[in-house]
Amino acid sequence: MKILKKIIVLLLIVLVIAQFFGPEKNSGDLASIEFFETETNPPEDVQLILKQSCYDCHSAMTKYPWYNSITPVNYWLAGHIKDGKKHFNVSNWEGNSVKRKDHKFEELIEMVEDKKMPLNSYTWTHEEAKLTDEERKSVIDWAKLVRVKYGLEKEPE
């Protein structure tokens, strides 16, 4: 029994010390998404959807919840954000080719149609991020229009 108490005390000490460390935060501002919004011109309803459901993980503009101060939760969230930005990052939109932008919108349409985005693990704690069928349709319709624009801009192969 003494060894169990020592293990528990040691684990508690490690957990307390771990609270003083954490991953780097994803910090940006509205300027980081301006190019994306100017180029893709989302209607107001889609802009609201993007802000509520997408930008936390797919831009440099993350609004962190209170529980991000708790280790190891903060590392889990940082992993989600890093992964989200790896797949679709509106904050570095300007640096992408038209072909890549078009492909990213193709993936966006697929993920939203298949209800894979936003992630369930995100909507559990962000109820406002859940998309209705009408909101999904708005995002998909906008994304298809953006793809038409990019299709017209592509260089012939």
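Coordinates for the structure precede this section.
Right, let's walk through the structure included here. Note that the coordinates shown come from a computational prediction; the quantities given were computed from them, not determined experimentally.

Re the overall build of the protein
Okay, step 1: Of regular secondary structure, the protein possesses 8 helices and 0 strands.
Okay, step 2: Starting at the N terminus and walking to the C terminus, you meet the elements of the protein as α-α-α-α-α-α-α-α.
Okay, step 3: Taking 15 Å as the expected radius of gyration for a compact globule of 157 residues, we find that the protein reaches 20 Å, considerably beyond that expectation.
Okay, step 4: For the protein, the spread of C-alpha atoms along the principal axes amounts to about 75 × 30 × 30 Å.
Okay, step 5: Taking all 157 residues of the protein together, 36% fall into the buried category.
Okay, step 6: Taken as two groups, the 22 positive and 25 negative side-chain charges of the protein have centres that lie 11 Å from each other.

Comments concerning the packing of aromatic side chains
Okay, step 1: Taken as a whole, this structure holds 10 aromatic pairs when the rule is applied.
Okay, step 2: On the numbers, 6.0 Å between centres and 70° between planes, the contact of Phe-88 with Phe-105 is edge-to-face. With Phe-88 in the loop between helix H5 (73-87) and helix H6 (98-113) and Phe-105 in helix H6, this residue pair connects regions lying 17 residues apart in the sequence.
Okay, step 3: Accessibility expressed as a relative area gives 12% for Phe-88, which makes it buried.
Okay, step 4: We classify Phe-105 as buried; its relative accessible area is 0%.
Okay, step 5: Geometrically, the ring pair formed by Phe-105 and Trp-142 is edge-to-face, given 5.2 Å between the ring centres and 70° between the ring planes. With Phe-105 in helix H6 and Trp-142 in helix H8 (residues 133-153), this residue pair connects regions lying 37 residues apart in the sequence. Each member of the pair, Phe-105 as well as Trp-142, is classed as buried.
Okay, step 6: One aromatic cluster is present, built from ring pairs that chain together Phe-36, Phe-88, Trp-93, Phe-105, Trp-142 and Tyr-150.

Some words on the nonpolar core
Okay, step 1: Ranked by size, the top nonpolar core spans 21 residues in total, and within it Phe-36, Tyr-55, Phe-88, Phe-105, Val-139 and Trp-142 carry the most contacts.
Okay, step 2: Mapped onto this core, the elements with two or more residues apiece are helix H2 (31-40), helix H3 (44-53), H6 and H8.
Okay, step 3: The element contributing the most residues to this core is H8, with 6 residues.
Okay, step 4: The contact partners of Trp-142, leaving out residues within four places of it in the chain, are Phe-36, Thr-40, Asn-41, Pro-42, Pro-43, Val-46, Leu-50 and Phe-105.

Points about the side chain of Asn-96
Okay, step 1: Mapped onto the elements, Asn-96 comes out in the loop between H5 and H6.
Okay, step 2: There is a polar contact of 3.1 Å between the side chain of Asn-96 and the side chain of Arg-100.

Cut-offs and rules
Residues numbered from 1 in each chain as written. Predicted model: local features only at pLDDT ≥ 70, side-chain atom pairs only at ≥ 80, totals over all residues. Heavy atoms only, no water. Helix = DSSP H or I, 4+ residues; strand = E, 2+ residues; numbered from the N terminus. Rg over C-alpha atoms; globule rule 2.2 N^0.38 Å. Buried < 20%, exposed > 50% of the residue type's maximum accessible area, 1.4 Å probe, protein only. Lys, Arg positive; Asp, Glu negative; His and termini not counted. Charge placed at Lys NZ, Arg CZ, Asp CG, Glu CD. Phe/Tyr/Trp six-rings, centres within 6.5 Å; stacked < 30°, edge-to-face > 60°. Core = buried A, V, L, I, M, F, W, Y, C linked by side-chain atoms within 4.5 Å. Contact = heavy atoms within 4.5 Å. Polar contact = N/O pair within 3.5 Å; in protein donor to acceptor, adjacent residues only side chain to side chain.

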